[in-house]
Amino acid sequence: MMVKVLYFGSFNPVHYGHTGIAGYVASMPEVERVLIIPTPHSPFKELSILADPQKRLLQVRAAFDGISPKITVSDIEYHLSDPLYTINTLHVIQEQDPTAELVLLMGADNIGSIEQWHKGREILRDFRIWVYPRIGYDGETFCRRYGTKTGIKGVRFLKDAPEFDISSTAIRNASH
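Scoring rules and cut-offs
- Starting from 1, residues in each chain are numbered consecutively following that chain's sequence as written.
- Totals for whole chains, interfaces and linings use every residue, but because this is a predicted model, local features are given only for residues with pLDDT of at least 70 and side-chain atom pairs only at 80 or more, for both listing and counting.
- Only hydrogens and water are set aside when side-chain values are computed; all heavy atoms of the structure are taken into account.
- Helix numbering and strand numbering both begin at the N terminus, where a helix is a DSSP run of H or I of at least 4 residues and a strand a DSSP run of E of at least 2.
- The length a helix should cover is 1.5 Å for every residue beyond the first.
- Relative accessibility thresholds used throughout: buried, under 20% of the residue-type maximum; exposed, over 50%; partly exposed, between the two (1.4 Å probe, protein chains only).
- Starting at the helix axis, one direction is taken to each C-beta atom, and the arc is that of these directions.
- Residue contacts follow a heavy-atom distance rule, with two residues in contact if any of their heavy atoms lie within 4.5 Å.
- A 3.5 Å cut-off defines polar contacts: any pair of N or O atoms within that distance qualifies, except that in protein one atom must be a possible hydrogen donor and the other a possible acceptor, and neighbouring residues in sequence count only when both atoms are side-chain atoms.
- A pair of strands is treated as paired once DSSP finds two or more bridges between them.
- A crossover counts as right-handed when, viewed with the strands pointing away from the observer, the path leading from the first strand over the helix to the second turns clockwise.
- We define a salt bridge as a side-chain nitrogen of Lys or Arg found within 4 Å of a carboxyl oxygen belonging to Asp or Glu.
- Lines are fitted to the C-alpha atoms to define the axes, a helix being fitted only along its stretch in contact, and any angle between axes, read from their N-to-C directions, falls within 0 to 180 degrees.

Peer 1: Let's hear about helix α2 (residues 53-64): which residues, and what values?
Peer 2: It helps to recall that an α-helix has 3.6 residues per turn; residues three or four apart then point in one direction. End to end, α2 covers 17 Å across 12 residues, agreeing with the expected 16 Å (1.5 Å per residue, within 8%). Along α2, the residues classified as buried are R56, L57, V60 and F64. Here the buried residues of α2 occupy an arc of 100 degrees about the axis, which is enough to place them on one side. In α2, the exposed positions that point more than 90 degrees away from the buried face belong to K55, L58 and A62. Each element contacted by the buried residues of α2 is listed here: α1 (16-26), β2 (31-38) and β3 (71-73). Here α2 starts with a cap whose side-chain oxygen sits 3.1 Å from the backbone nitrogen of Q54, and that cap is D52.

Peer 1: Describe in detail unusual backbone geometry, supporting the description with residues and values.
Peer 2: Residue P13 is reached from N12 by a cis peptide bond, and omega for that bond is 5 degrees. Secondary-structure assignment places P13 in the loop between β1 (3-9) and α1. That bond from D82 to P83 is cis: its omega, -5 degrees, falls within 30 degrees of zero. Its location among the elements puts P83 in the loop between β3 and α3 (86-96). The phi angle at F11 is positive, at roughly 45 degrees, despite the residue not being glycine. Among the secondary structure elements, F11 is positioned in the loop between β1 and α1. According to the relative accessible area criterion, F11 is buried, its value standing at 2%. At K119, a position not held by glycine, the phi torsion is positive, near 55 degrees. Within the secondary structure, K119 is located in the loop between α4 (108-111) and α5 (120-126). A relative accessible area of 45% places K119 in the partly exposed class.

Peer 1: Any chance you could break down the pairing of β2 for me, citing the residues and the numbers?
Peer 2: Burial analysis of β2 places 6 of its 8 residues in the buried class, the great majority of the element. Bridge count for β1 against β2 is 7 bridges, and the pairing is parallel. In the sheet register, K4 faces β2, and the bridge partner there is R33. The parallel pair β1 and β2, bridged by α1, forms a crossover whose chirality is right-handed. Of the strand pairs in this sheet, β2 and β3 are connected by 3 bridges, and their pairing is parallel. Residue pairing for β3: I36 is matched across the bridge by V73.

Peer 1: Give me the pattern of salt bridges: which residues, what numbers.
Peer 2: Here the structure, examined in full by the defined rule, presents 9 salt bridges. Note that K4 and D97 form a salt bridge whose closest N and O atoms lie 2.9 Å from each other. You can see K4 sitting in strand β1 and its partner D97 sitting in the loop between α3 and β4 (101-107), a full 93 residues away along the chain. The burial state of K4 is the same as that of D97; both residues are buried.

Peer 1: Could you give me a rundown of the pairing of β1, with the residues and numbers involved?
Peer 2: Burial analysis of β1 places 7 of its 7 residues in the buried class, which makes it a mostly covered element. In this sheet, β4 lies alongside β1 in parallel orientation, the contact comprising 5 bridges. Looking at β4, one finds that L6 is bridged to L104.

Peer 1: An account of the sheet that holds strand β5 (residues 128-132) is requested, with residue identities and associated values reported.
Peer 2: Spatially, the 6 strands line up as an open sheet ordered β3-β2-β1-β4-β5-β6, and their pairing is parallel. Here the strands that pair on one side only, and so sit at the sheet edges, are β3 and β6 (155-157). Across the sheet, the mean angle separating the axes of adjacent strands is 25 degrees when strand polarity is ignored. Pairing analysis gives 5 bridges linking β4 to β5, with the strands arranged parallel. Within the sheet, the bridge partner assigned to G107 lies in β5 and is Y132. Helix-sheet contacts for α2 involve β2 and β3, and the interaxial angle to β3 is about 165 degrees. Most of the contacts of α3 go to β1, to which it runs at about 150 degrees, and overall it touches β1, β2 and β4.

If you want it as C-alpha cells, here you go:
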C-alpha cells in the first residue's frame, strides 16, 4: 500500500523548517508521496494575520520545488467549501485515492490539541499520525499516551527528525 504523507499548514510564511521536515519525511523508504497542503485560511487563525492566500500558495510551491520528486504541493483546500477542517480534506483525498495509506504529519505543538480539532477523535481513529519534534514541546509523551489508548489508528513520534528553531509566528513577529 502506498504511504502518502499529508502535511497541512497555513505556511504563513513558509520557511526552512517546513521544507526540512518535508525533505526528511520524503527520504523515508516507506513514503511514496508527501503532499503539502497549504490552507487559504485556518479555523484557528485570525484572517488578519494571514498573507494573501494566492501569494502564499505561490511561495509554498516555490519553496518546495526541487526538494524531492516525492513532494507535491496541492491546492485542494483552495477548491473546498468552508469551513476548512482537516477531517473534511482527509476524506476528500481518501475518496480520490482509496488505495493510499494516508498519514497526517504534524508538529509536536499540534498533537497536544488534536482532540480539540473538529472531529479530532475521528482523525485519531481513522488516520495514522506522524509527529515531528518542535523545540519546547514534548511530542514524544503525547505520542506514547496515544499509543496506550484504544481506538487510535496509530501515532508515531519521529524522534530522529531534525529540529528547527524557527516558526512562522516568530518570523511574522520579527517583521513588525
